[in-house]
Amino acid sequence: MQTLGIPFWLFWLFWGQSCSLGGKVNKHKPWIETSYHGVITENMDTVLLDPPLVALDKDAPTSYAGEICAFKIYGQDAPFEAVVLNRTSGEGVLRATSPVDCETQKEYTFIIQAYDCGAGPSGTDWKKSHKAVVHVQVDDINEFCPVFRESVYKASITEGKIYDSILQVEAWDQDCSPQYSQICNYEIVTAGTPFAIDRNGNIRNTERLRYDKQQSYQITVTAFDCGQKRAKEDVAVHIDVKPVCKPGWQGWNKRVDYEPGTGSRQLFPKMHLETCGGPLSGVKAMVELQTNHIGKGCDRETHSEKSLQKLCGAASGSTDLLPAPGPSTNWTASLLTDSGREIDLIYRFEGHQAANVPDHVVPQNLTDQFTVATWMKHGPSPGLRAEKETLLCNSDKTEMNRHHYSLYVHNCRLVFLLRRDFTQVDTFRPAEFHWKLEQICDKEWHYYVINVEFPAVTLFVDGVTYEPYLVTDDWPIHTAKIDTQLTVGACWQGGEVATPRFTQYFRGSLSGLTIRPGRIETQRVISCLQACKEGLDINSLESLARDVKFHFNPAQSVLVVEGEDVDSINIAMTKVSYINSRQFPTPGLRRLRVSTSVQCFGEDTCLSVPDIRAVVMVLSPSEPRITVVGSNRLVRPAVDLRGPLGVAPFKDLRITSTVMKADVPGGPHWPGVMEAMHNLDYCDVLVIGEELNPDRESLDIRHGALLGKHLDATNSTSGISIYGVDSMAHYEQALRQVHYRNWRPAALSERKFRLTCSELNGRYTSNEFNVEISVLHRSAPVEHVNHVAAQPQYMRPVHHPLMVHTLNSHMPGGAPPAATVVIVVCIAALVVIVVIGVYRIHATHQEGSREDEDGAKDPDEDWDNSALTITVNPMENIERAQALGEKKLKEALHEDEEEEEEDEEQVPSAESDNSDEAEEEEEEQKKKRRLVWDSSSMMY
């Protein structure tokens, strides 16, 4: 038992001694530096550390315990590893586990620790060092080339200037380091260019460039980084040279052609305002259409004054004091007229022309209400400011020099004088009305209307109302049995002078001077009479910007466009257009002027925009050819002329108008004739030869034929005139209702008339259409007359071969049997009775049908188509027929003698004329009953 105990004790002693010796072998921790700084070049794997990676252990040189077995790295995704190179010396190396890219990450920071080998080969009882911080910086290599940020650079410069910098080009480099990522130099590759570039990429011109020498340049530029690596691709630079910028409108044409009938035409479809880049706060453009050289200030309707008044709905009864010279209006023949005004009737007064209006023309019934209207163009007269210039004057014809009423200009003031008669008023009343207006002496056409509602007097100028600024009173004129004289262009002084003469001459132009007694004109009629048919317009108003404002003057000859944005103004100006609503406008030039003012922020005006001047050329319209056609010769029996309606000379009248067109369907340039629809303004029917004798004939038109139309008519012994602006169809209808009557046609063989029609007061006239009415009297008597079988000479024979064959087929060459003769005589008597009855029915129907124009047939055609032809057996009782014929013939001759005696007597009294007409009508009815073929229109 003692022997077993000794080994057990020895085991425990040995084990305790071993443990004591082991603790003494690995009793120290490895030691490393507290921080390391390393550098690694991208795309390399070795890190150069400072200080080097070395771990020390105080247990050295003891094996294992004094040796370094490992380095461990702690860090998030650190692509590095530490490798022990010498366990005894503790040297190590830091390597990258994967490629390191500077462009991805420039530096890394992580923790490293060293481990010894422990107490023995098994590595037990190892110890680790403290933690050290490692900072690793990735060194860049110049692997990328510079790249320009734009593929192409563009700029523009103004000629004649030296720029410090026209534009700047810019390149960049993907390298991470400043050495290789910065662009250190730019260079112009293109040789011989007047440009230079600095290190920052600013391009400048080295000399003053001229637009007329070269309008654009193209150069090539490259870049270098600080490692002197050149850009992979060079860049192109385009530089445009512009002329010296001048603010103004660009993109407009100096001439715009206007085709009549095309509606609205844009004037500036591509125009825009060049502001040279300056910031603007507002633009105001004014477009002015200058038409003062066209007609009376602009293109207006050139119908006659009466036609225009009818068209505008003016009250009838006006007196034209300046009509066109003619047989019945010869007092204007000595006045000067303006030519080249497209039939505008304009009279020019130069200070020594005047005209006395005949007494039968002067309105005699001026009451408290009347209207004086005229077109006037007047300017100042240097050195003559103290003289009165009289447009219209009604003064004493002889003995005294009193002015009853007058209209005159004095010192550029318009004055209307109205002196009432003492019988109308016997108190101090208004007598002179003065207006001071710029329009009176601006040398432009204006339309003046003076409405008199005594004692109030109102002036309208171009449709705008003006009240007198001064009204002076005077006593009325005392009644005197002295005739008055109405004068145009001056004032007549017939008394208080040795020789009667004109005085206070007018200097200017007048047109359409009228007086309308008993009525005043309305505002609507005045506006219609002076309205322009051409002017400015704006297309597509809804497409304009909201900040754009525009307004027209009343005549639409001035348009003002305002806005804050230049682009909005440009759009608005492209929509400005010219329009002329006349079917046949006055051809020629219309001048355009556009004036512009520009405002900048904080300044009144900052740019001076020059005015632009252009013209609108109104092309000549296709002139219409007005043609009047119809029957030129009418043959009518005398009885028709004596009828209540007489004869219609123009019953089958047709009025057409054609124009020549260059482009018609069927060919690109084939001329052709096309029918045109337009209005007429008058048609005159003139008597050719002797004038009408009111005692026996008349030419007139029924009033109902003018109802519902813009037409009126006047007639005289010279003919009839239908006037008013209306369609050709309405003129046709009216002319067809013109009737000629002659209630004593025995001595008349024919009457001739001439018809002419006009558009635009004679600017376009029709052909002269002549009509001859031949009067057909009764045929001369013959020895053997059968009043049933004989045909008047103006009837058209209609044969019935079947009847002739039936009657003659049973007759031999000798005398017929007695039964046949009796049968024929009975048939003839029956036919006579039937013809007389039918004639009476037809005469009644024909008299009523003449009242209806459309239902009435041409009397000539009715007569010709209804001739009476009766074939009678020649073997009837000859003696009976001869006796009957002689009796009728004597009665007819006796009646003709009585009618001729009545015509020769020509009793002037109305009672005698009426009784003669009644007797002639009664005798005519008897003749109709006896001479059936004279007016019968039945056909058998």
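Definitions and cut-offs
- Residues numbered from 1 in each chain as written.
- Predicted model: local features only at pLDDT ≥ 70, side-chain atom pairs only at ≥ 80, totals over all residues.
- Heavy atoms only, no water.
- Buried < 20%, exposed > 50% of the residue type's maximum accessible area, 1.4 Å probe, protein only.
- Helix = DSSP H or I, 4+ residues; strand = E, 2+ residues; numbered from the N terminus.
- Polar contact = N/O pair within 3.5 Å; in protein donor to acceptor, adjacent residues only side chain to side chain.
- Core = buried A, V, L, I, M, F, W, Y, C linked by side-chain atoms within 4.5 Å.
- Contact = heavy atoms within 4.5 Å.
- Salt bridge = Lys/Arg side-chain N within 4 Å of Asp/Glu carboxyl O.
- Disulfide = S-S within 2.5 Å.

## Regarding helix α5 (residues 566-574)
Of all 9 residues in α5, 7 are buried, a share of seventy percent or more. All buried positions along α5 are accounted for by V566, S568, I569, N570, A572, M573 and T574. Two to three positions downstream of the cap, the backbone nitrogen of D567 sits 3.3 Å from a side-chain oxygen, assigning the N-cap of α5 to D565.

## What about the nonpolar core?
Counting 40 residues, the largest nonpolar core has L392 and F416 as the members making the most contacts within it. Sequence-distant contacts of F416, defined by excluding residues within four places in its chain, comprise F370, S406, L407, A431, E432, F433, W435, I450, V452 and V457. Among the nonpolar cores identified, the runner-up in size contains 37 residues, and L692, I701, A705 and V771 belong to it.

## Brief notes about the pattern of salt bridges
Evaluation of the coordinates by the stated rule reveals 20 salt bridges. As a salt-bridge pair, R95 and E81 come within 3.5 Å of each other at their nearest N and O atoms. Taken together, the residues R95 in strand β5 (residues 91-96) and E81 in strand β4 (residues 80-86) connect sequence positions 14 residues apart. Take R95: its relative accessible area is 31%, and that puts it in the partly exposed class.

## A short note on the state of the cysteines
Across all of its chains, the model carries 8 disulfides by this definition. Here C393 engages in a disulfide with C491; their sulfurs sit 1.9 Å apart. Separated by 98 residues along the polypeptide, C393 in strand β27 (residues 389-396) and C491 in strand β36 (residues 491-493) bring together distant segments of the chain. For the pair C393 and C491, a shared accessibility class is recorded, and that class is buried. One disulfide bridge connects C683 with C757, the sulfur atoms lying 2.0 Å from each other. Because the torsion about its S-S bond is 115°, the bridge between C683 and C757 counts as right-handed.

## Looking at the side chain of E534
Tracing the backbone through its elements, the reader meets E534 in strand β39 (residues 534-538). On the basis of relative accessible area, E534 is assigned to the buried category, the value being 4%. Side chain to side chain, E534 and R590 meet in a polar contact 2.8 Å long. What E534 contacts, discounting residues up to four positions off in sequence, is T291, I294, C298, D299, A555, Y578, I579, N580 and R590.

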